[in-house]
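In case you want the letters, here they are:
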Amino acid sequence: MNDQSPQQNPNESERPAPRPFPNSDYVRPGIDDRPDLDKALTDEDKAAVARLAVRQKPKTPPAAADQPEVQAAAMGVTAPVGGADEPVPALESAFLDMRDPMVDANGDRPTKTQILRMKIGFACTAFFLALALAALNITLVPQELDALSGPVGGAIGLAWVLGVGIVCSFVATIFFLPLSDHTRTPFGRRAPWFAGGTILSVIFAFALSACHAPAAVGIVWAIMQIGIAAALCSLHASLGERVPDKFRDAVGRWRTVGLLAGLVCGIWLGVLMAHNPAEGMDLCAIGLLIAGIVGLFVIPRESSTVYSRAKPMTNDDLLVTLRVPHPTRAWRMICFTRLFASAGAVLAIAFVWFVVRYLHGAGEGLDVRATMIMVALMGLLACAMALLSEGVTDLIRSSTDNDQLVLMVGVVLSIVAAVVPLVSYTTAGLYVFAGVGGFAVHMVDDALQALAVSSVPQIDRTAGYLAVFNSSATLGRLLGVAAGGFVFAFAATFSSVFLWAAVAFALAGVCAAVAIASSRKQG
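Sequence positions are assigned chain by chain, starting from 1 and proceeding in written order. Side-chain atom pairs in this predicted model are given and counted only at pLDDT of 80 or more, local residue features only at pLDDT of at least 70, and totals for whole chains, interfaces and linings cover all residues. With hydrogens and water set aside, each side-chain value is computed from the structure's full complement of heavy atoms.

A. Fine view of the overall build of the protein chain. Secondary structure counts use DSSP, requiring at least four H or I residues in a row for a helix and at least two E residues in a row for a strand, with both numbered from the N terminus. Counting its regular elements, the protein chain contains 16 helices and zero strands. Per-residue burial over the protein chain gives 47% buried out of 523 residues. Note on contacts: a residue pair is in contact if any heavy atoms of the two residues lie within 4.5 Å. Sequence separation of at least 24 residues holds for 83% of the intrachain contacts in the protein chain that already meet a minimum separation of 6. Only protein chains enter the area calculation, which uses a 1.4 Å probe; residues under 20% of their type maximum are buried, those over 50% are exposed, and those in between are partly exposed.

Below, the structure is given as structure tokens:
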């Protein structure tokens, strides 16, 4: 019998398993029998291949200062409740081109679980940051300076401490934002700066409770603000870059709720720690540490940037938050309005602890616990009225579609809120100031943000204009604390701070009127 089937030679190596089709032993030349290059090539061969291979140039990631979403995240921090309802006109938005709105700026597509982690992570981070900073700024640090230097000396010391902290934070942000753009690590470009800023701020927050001289408090506070600035600018950049366009509003809303809740809880933390401020400062340091841990481990890990290209850093990268090309008169006046409105708000808020405690004069201070409770109640009332202002502002905007009217109403109410304590420097007058002031300040802030977004002269440079707008708020806070220091240095009457707050709000109203007239003339 002639068997035509191939005979299997036991000495031959076993043929590879059939690949293309079932029950077939056909081996595709150059496909199924190609060797494993990792095993076939020597180290010299691999080095030669790597030397001759064509290197692809990866895309340069966008700088944080060039992203409107990053500036919008920073802009919403100063608002008591929320930011402007008008969306930021980002030309790179996925809703304006063919990109997928479910993909972030780096091209990654986060899952539903990762989006939920972003919501929880950004909200909890904002909560613990706001809790620590509110407790330190409004209650614990003023109480410590009052105990060290007395009423007038403590108020002047608070002005110097806050002023130096604002300057250090502002300068640090100018440098840290572009430096983080050029950072290339396996952990990303923002995460190392967030971790480093958190560590620095936690160390000096713990050191704050060991300071027993105003100068020491100022030095420790300034260095702590540098760390907080590094953490905050990295957090703002992460929110703008890593959240897809589809979910940015939802994540921002969660973050706003955490910010508001942390503000209220931070003020009441000062009440609980009224007779032990050192322990309260240590708790604030723990709060900053928790915020850093949540930001690093709850939010999904940032992608590696080792293989990302980076342009050389120039002077324009450092000056992007300070100047814009060819600003219009209306834009300048909007920035000046923001500056004076921020100065008036800081004058009224930063020194509220001294205003409440020495309600009956520098020689008749209230009990520390009573002062803390009244400050906390005023803060709670201001936040509640800010929430009410959010609804009223939306109602006015939907019925009239006129943010200019909202701005002028808010400026008038801010002046009224500052004048009431001058006329009636009593407990009732201060509560009226807190309620009306919280309502008015949020209305002004909301309207200014909407007007700033809608009046950007060059849409393709929206981020730069919003960065300057944010810087004007920082400079306004610096102006406010400096004015408060001069007031207490030359007039030892704590009610006089409301007079200068009213003047600042009046100047904001004048600048707003000029901006409105200029915009109508241009239109």
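Once the structure has been displayed, the description carries forward.
B. The arrangement of the environment of Ala-417 in detail. Locating Ala-417 in the fold gives a position in helix 13 (residues 403-423). In the structure, Ala-417 is positioned 81 residues away from Phe-498 in sequence and 8.9 Å away in space, judged by C-alpha atoms. Setting aside its immediate chain neighbours within four residues, Ala-417 contacts Phe-433, Val-436 and Gly-437.

C. Main features of helix 8 (residues 277-297). In a helix, the anticipated span is given by 1.5 Å times the number of residues less one. In this model helix 8 runs 30 Å from its N-terminal to its C-terminal C-alpha over 21 residues, within 8% of the 30 Å that 1.5 Å per residue would give. Buried residues of helix 8: Pro-277, Gly-280, Met-281, Cys-284, Ala-285, Gly-287, Leu-288, Ala-291, Gly-292, Val-294 and Gly-295, and no others. For helix 8, the elements touching its buried residues are helix 4 (112-181), helix 5 (191-208) and helix 7 (248-272).

D. Region of the structure containing the confidence of the model for the protein chain. With 87% of its residues at a pLDDT of 70 or more, the protein chain has an overall mean of 84. pLDDT under 50 marks residues 80-87. Its contacts with residues more than four places away, or in other chains, come to 24 contacts. Each residue carries a pLDDT score, the predictor's own confidence in it, on a scale running from 0 to 100.

E. Local environment of unusual backbone geometry. Even without being a glycine, Asp-401 presents a positive backbone phi close to 50°. Within the secondary structure layout, Asp-401 lies in the loop between helix 12 (368-400) and helix 13. Using a relative accessible area of 64% as the deciding quantity, one classes Asp-401 as exposed.

F. Inspection of the packing of aromatic side chains at higher detail. Think of it this way: a Phe, Tyr or Trp ring, Trp meaning its six-membered ring, pairs with another when their centres are within 6.5 Å, and the plane angle makes it stacked under 30 degrees, edge-to-face over 60, tilted otherwise. Considering all chains together, one arrives at eleven aromatic pairs under this definition. Ring geometry for Phe-351 versus Phe-488: centroids 5.0 Å apart, planes at 70°, classification edge-to-face. Taken together, the positions of Phe-351 in the loop between helix 10 (329-349) and helix 11 (352-357) and Phe-488 in helix 15 (residues 462-490) put the pair 137 residues apart, joining distant regions of the chain. Judged by centre distance (6.3 Å) and plane angle (10°), the ring pair of Phe-354 and Phe-494 falls under stacked. Of this pair, Phe-354 sits in helix 11 while Phe-494 is found in the loop between helix 15 and helix 16 (496-522), placing the two residues 140 residues apart along the sequence. Of the two residues, Phe-354 and Phe-494, neither departs from the other in class, the shared state being buried. By the ring-pair criterion, three or more aromatic residues cluster together here, those being Phe-351, Trp-353, Phe-354, Tyr-358, Phe-488 and Phe-494.

G. Looking closely at the nonpolar core. Core analysis: the biggest nonpolar cluster contains 76 residues, and Phe-122, Leu-136, Leu-208, Trp-221, Phe-351, Met-378 and Leu-430 have the highest contact counts within it. With sequence-adjacent residues up to four places away left out, Phe-122 is seen in contact with Leu-235, Ser-238, Leu-239, Val-243, Val-251, Arg-255 and Ile-299. Residues grouped as a nonpolar core are buried Ala, Val, Leu, Ile, Met, Phe, Trp, Tyr and Cys residues, joined through side-chain atoms within 4.5 Å. Residues Met-333, Phe-340, Met-443 and Phe-469 belong to the second largest nonpolar core, which totals 29 residues.

H. Focus on the environment of Trp-500. If you trace the backbone, Trp-500 turns up in helix 16. For the pair Trp-500 and Leu-347, spaced 153 residues apart in sequence, the C-alpha to C-alpha distance is 7.6 Å. Leave out the neighbours within four places in its chain, and Trp-500 touches Leu-347 and Val-487.

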